[in-house]
Amino acid sequence: MQASGVAACNRRRRTQQPGGATISGESTGARTGMSTGSQGPLPELVSYLEGLPEPHILFDAKYRILAANAAYRAQFAPRGSVIGRTCYEVSHGISVPCDQAGESCPLARARVSQQREKVLHLHHTPAGEAYVGIELVPLRDNQGEIAFFIEKMEPLHVAKSAPSSSGLIGRSAPFQGMLELVARVGPAEAAVLLQGESGTGKELVARAIHEASGRASGPLVVVDCASLPEALFESELFGHEKGAFTGAQQTRPGLVESASGGTLFLDEVGDIPLSMQVKLLRLLESGTYRRVGSTELRKSDVRLISATHRDLQTMVADGRFREDLYYRLSTFPIELPPLRARRGDIPLLAASLLSRVAPNRRLSLSAGALARLAAHPFPGNVRELRNVLERAALLSDGDQIDEGIVAKTLAFGRRKDAPTAAAQTVAAAPHGGGDAPRAPTAAARRRMAQREALREALALHAGNREALAKSLGISLRTLYRRLEHSP
């Protein structure tokens, strides 16, 4: 396509497309062509954009839209024209460019980098706010200067900025930073390591990465590494042949084989026995494995996502985790923010969780109740928030949960001698004098919080372990293990 073949044009241009689709371009009173003296976008380029399934626009260095394909018009302006308007006005409803409104602007970044840029934005659409992945490509004129930009918008359906019955939910800056990494790595095949405290939603993020990938139609197989005994780990992961060991009465495929064509999610990968780590490393490096009791080399077709709340680098230094395996797992690490770092998301999460724990009731939280939740440190993160709301729903008879109910649920099940959140904060502060007690480590505080949450859940479910495991979002086997180690 040659820009020099385009004649200057100040009049309105209409280009008829195959199938009857029509796209309009209007002069903006300035040079908007691809060559010196031209006044409109190349008809060939406009025709190309119109045939693309994703929303695309062509705009100039002043953010003015010169052409928009049918997918863009349907999503952002189904009842009006966008030609001549700025991209930030149409997609965000604001009067200044994104970088002047606290967001990352791909055009501003492209001016600096002189190349393609990708960002994640929260766009306004007729259907409400939606997360959109944006890919911007700068175009140069005959003098080699960047004069135009093609912007592709792809909705990210795995996350919502409003209460929802499923998926990732949030709009805080830490949440959006994490979500941008999910959007970038999702379509790739790279191994992903999710790191974060217990209860931050690592399995939900793993599912979001899977659904954003080309393997979305394949299975997502979850392996709870913490619950698998060392003696059974290899058999569960790789499968076994009949007679391979006592009790192996028939051939059984492993979880790696079950995940073929999809994603294998290793939850709590820090709990994998050292003896198994070398075999997992071989799977990652060669894509091959053997069933227990077999010499046949099998090929795997899986993408690996792993997660842990442990500090794997410290475990590597201590000799408890293989360094080579760590580097294979952490090709693309993503840190999940704790709930206390995204307090602004608590109202969204609370509304969503209430609809899940009490689907037959229209429950809401008073302003005081939300303020009380926002002030709580939530060492158990989103899982703890869910438990608190489930208790509040059980204790509330009306349609609105007030501050008193929330205060009662936060204290429910706590031992009388257990320190409050405020007391823990004071205890963790530095003390003067050499005899002052040392503050508990982050790991110790996390274990204390987990034990407290487990006791509260036990009191609620009155010994029904299956219901308890479901409410905690863990397997029954994991629950038994935690009960054995809980005081």
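Just so it is clear, the model here is predicted, and its values are computed rather than measured.

Draft legend 1. Main features of the packing of aromatic side chains. Per the counting criterion, the structure on display carries 6 aromatic pairs. Seen from their ring centres, tyrosine 63 and tyrosine 88 are 5.4 Å apart, and the 70 degrees between their planes marks the pair as edge-to-face. Taken together, the residues tyrosine 63 in the loop between β3 (56-60) and β4 (65-68) and tyrosine 88 in helix α3 (residues 87-92) connect sequence positions 25 residues apart. Summarising the aromatic geometry, the rings of tyrosine 131 and phenylalanine 175 are spaced 6.3 Å apart at their centres and angled 50 degrees between planes, so their arrangement reads as tilted. Of this pair, tyrosine 131 sits in strand β6 (residues 128-140) while phenylalanine 175 sits in helix α5 (residues 173-185); the two residues are 44 residues apart in sequence, bridging distant segments of the chain. Accessibility assignment for this pair places tyrosine 131 and phenylalanine 175 in one class, buried.

Draft legend 2. Geometry of empty space enclosed by the protein. All chains considered together, the criterion is met by 2 cavities of 30 Å³ or more. Here the second largest cavity defines a volume of roughly 90 Å³. Taken together, 14 residues make up the lining of the second largest cavity; nearest its centre are Cys87, Cys98, Pro106, His121 and Glu151. Elements with a minimum of two residues in the lining of the second largest cavity: α3, α4 (106-113) and β5 (117-125).

Draft legend 3. Broad picture of the sheet that holds strand β18 (residues 332-335). Reading across the sheet, the 5 strands line up as β11-β14-β17-β10-β18 and stay open at both edges, with parallel pairing between neighbours. Strands with a single pairing partner mark the edges of an open sheet, and in this sheet they are β11 (220-224) and β18. Along the sheet, successive strands turn relative to each other by an average axial angle of 20 degrees, direction set aside. One ladder, built from 4 bridges, connects strand β10 (residues 192-195) with β18; its direction is parallel. Bridging across to β18, glutamine 195 finds its partner in glutamate 335. Against the sheet, helix α6 (residues 202-211) makes contact with β10, β11, β14 (263-267), β17 (303-308) and β18, and its axis sits at roughly 160 degrees relative to β17, the strand it touches most.

Calculation rules
- Residues numbered from 1 in each chain as written.
- Predicted model: local features only at pLDDT ≥ 70, side-chain atom pairs only at ≥ 80, totals over all residues.
- Heavy atoms only, no water.
- Phe/Tyr/Trp six-rings, centres within 6.5 Å; stacked < 30°, edge-to-face > 60°.
- Helix = DSSP H or I, 4+ residues; strand = E, 2+ residues; numbered from the N terminus.
- Buried < 20%, exposed > 50% of the residue type's maximum accessible area, 1.4 Å probe, protein only.
- 1 Å grid on protein atoms, 1.4 Å probe; cavity = no way out; pocket = protein on both sides within 12 Å on 5 of 7 lines; lining within 4 Å.
- Points joined across faces, edges and corners; volume = space filled by probe spheres on them.
- Pairing = 2+ DSSP bridges.
- Axes fitted to C-alpha atoms, helices over the stretch in contact; angles between N-to-C directions.
- Contact = heavy atoms within 4.5 Å.

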